Structures are given as structure tokens and as C-alpha cells.
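# Structure assessment
If you want the building blocks of each chain, they are given just below.
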Amino acid sequence: MYMRSFTAVLGLGSLIWTFPATMAADAPLPWAFKGEAAEGYSIDLVSIDPIPGTRLARGSSVAFKLVVSYKNAIAPHGKIILVFQDEENGKVASNAPQVSADAPGPEGTASLEQTIIVPAHAKELRLFVPLVPDGLKNTSGELTFRYPIGR
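A brief structural summary.

What counts, and where the lines are drawn
- As a convention, each chain's residues are numbered from 1 in the sequence order in which they are written.
- Totals for whole chains, interfaces and linings use all residues, but because this is a predicted model, local features are given only for residues with pLDDT of at least 70 and pairs of side-chain atoms are given and counted only at 80 or more.
- Computation of side-chain values: all heavy atoms of the structure, hydrogens and water removed.
- Nine residue types can take part in a nonpolar core, namely buried Ala, Val, Leu, Ile, Met, Phe, Trp, Tyr and Cys, and a core is a set of them joined through side-chain atoms within 4.5 Å.
- Only protein chains enter the accessibility calculation, which uses a 1.4 Å probe; a residue whose area is less than 20% of its type maximum is buried, one above 50% is exposed, and one in between is partly exposed.
- Only heavy atoms matter for contacts: two residues are in contact if any of them lie within 4.5 Å across the pair.
- If DSSP finds at least two bridges between two strands, the strands pair.
- Each helix corresponds to a stretch of at least 4 residues labelled H or I by DSSP, and each strand to a stretch of at least 2 residues labelled E; elements are numbered beginning at the N terminus.
- Convention adopted: a line fitted to C-alpha atoms gives each axis, helices being fitted over their contacting stretch, and angles between N-to-C directions are expressed from 0 to 180 degrees.
- Stacked, edge-to-face and tilted are the three classes for Phe, Tyr and Trp ring pairs, Trp counted by its six-membered ring, which pair at centre distances within 6.5 Å; planes under 30 degrees apart are stacked, over 60 edge-to-face, the rest tilted.
- Nitrogen and oxygen atoms within 3.5 Å of one another constitute a polar contact, given that in protein one can donate a hydrogen and the other can accept it, and given that sequence-neighbouring residues count only through two side-chain atoms.

### Topic: the nonpolar core
Counting 30 residues, the largest nonpolar core has Phe-64, Ile-80, Leu-125 and Val-129 as the members making the most contacts within it. For Ile-80, the residues in contact, after removing those within four places along its chain, are Ile-43, Val-68, Tyr-70, Val-99, Ser-100, Ala-101, Ala-103, Ala-110, Leu-112, Val-129, Pro-130 and Leu-131.

As C-alpha cells, this is what we get:
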């Protein structure tokens, strides 16, 4: 097994995350997976549209809709954030501000929606969805969804 880290610099001050995905070196990544569990907080998928693995057309506008559930025992509040990247971990820009949802209290659900333009240069779109409890700079246990990009 080897560890691959995805790093994203986000629009919440100087918050930097490392997104781990543990996979066998020769095994392909699944279309959807969850990072290594965090101690004291977690995020889980309830529903997502489009379904991970759906081929996206270059230059098309795609509306992503997610519902997640979360548990947070280490802080009274947190944020759930949508982070779009290409297969090289480059930021996929959107004309709108980065989408996030508050995660108040010890547990709950959150709905997030964001429409993006599928990048023309990329082979794959990746959507990372972390729960960031207040006070943390590095997170784990995030959800990762992958979408191949075609014509």
C-alpha cells in the first residue's frame, strides 16, 4: 500500500489540507472513496448527483448536488467545503465563491450545490468534501469523488 496526498489551498484564510487516499500502487482508484478516519469527527455521503464515475463533457456546465451527514465531537462548529480539482491536483476555477455549509452542533446533515464548467484541459475532475471542525488546519476522513472527462 502506498499513500498519496492531495493538497489544496482553500479560500478560508491560510487553511491547507492534505487529502490522503490509500491504494495499492497498481490498483486503479475507485470513483468514490473516503479518506482515513479522523478521531472525533466524520463525514458520510447521503446522496450525490451526478453519480461518481459519470463521464463529463469538456466545457459543459454541470450542477453538483450533495447531501452529507456529519459528526463532530471535537469542536462546537465546523464547515463542510466543496473542493474541485483536476487529476494533477490543480484547482478547478468557478465564477462563484467556493461553496461551504455550516456544521453546527455535534451532528447533522448538510446540503451543498455548486455548478461548475468542466475544464477543457483536464482528463478527470475530482471533488473533495471535507468536514473542517473549528480550530483544525489539517483534516482527514474527507469524501472523494472522481469523474472522467471526455469530449
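Still more ground to cover, so stick around.
### Side note on the sheet that holds strand E6 (residues 61-72)
Strands sit in the order E4-E6-E10 across an open sheet of 3 strands; the sheet is antiparallel. Because the sheet does not close on itself, it has two edges, and the strands there are strand E4 (41-49) and strand E10 (107-117). Within this sheet the neighbouring strands show an average axis-to-axis angle of 25°, counted without direction. Note that E4 and E6 share 8 bridges and pair antiparallel. Pairing of Ser-47 across the sheet is with Val-67, part of E6.

### Let's talk about unusual backbone geometry
Here Asp-49 and Pro-50 are connected by a cis peptide whose omega angle stands at 0°. When you line up the elements, Pro-50 lands in the loop between E4 and strand E5 (56-57). Backbone geometry at Asn-89 places phi at a positive 70°, although glycine is not the residue there. Its place among the elements puts Asn-89 in the loop between strand E8 (83-86) and strand E9 (100-104). Using a relative accessible area of 22% as the deciding quantity, one classes Asn-89 as partly exposed.

### A few points about the packing of aromatic side chains
Overall, the coordinates contain 2 aromatic pairs when judged by the stated rule. Pairing Phe-64 with Tyr-147 gives two aromatic rings, centres 5.3 Å apart and planes at 75°, and the pair type is edge-to-face. With Phe-64 in strand E6 and Tyr-147 in strand E13 (residues 143-150), this residue pair connects regions lying 83 residues apart in the sequence. Overall, Phe-64 belongs to the buried group, its relative accessible area being 1%. Residue class for Tyr-147 comes out buried when judged on its relative accessible area of 0%.

### Focus on the environment of Asp-102
Looking at the secondary structure, you find Asp-102 in strand E9. Residue Asp-102 is classed as partly exposed on the basis of its relative accessible area, which comes to 43%. Separated by 21 residues in the primary sequence, Asp-102 and Ile-81 place their C-alpha atoms 9.0 Å from one another. Not counting chain neighbours up to four residues away, the residues in contact with Asp-102 comprise His-77, Gly-78 and Lys-79. At 3.2 Å, the side chain of Asp-102 forms a polar contact with the side chain of His-77.

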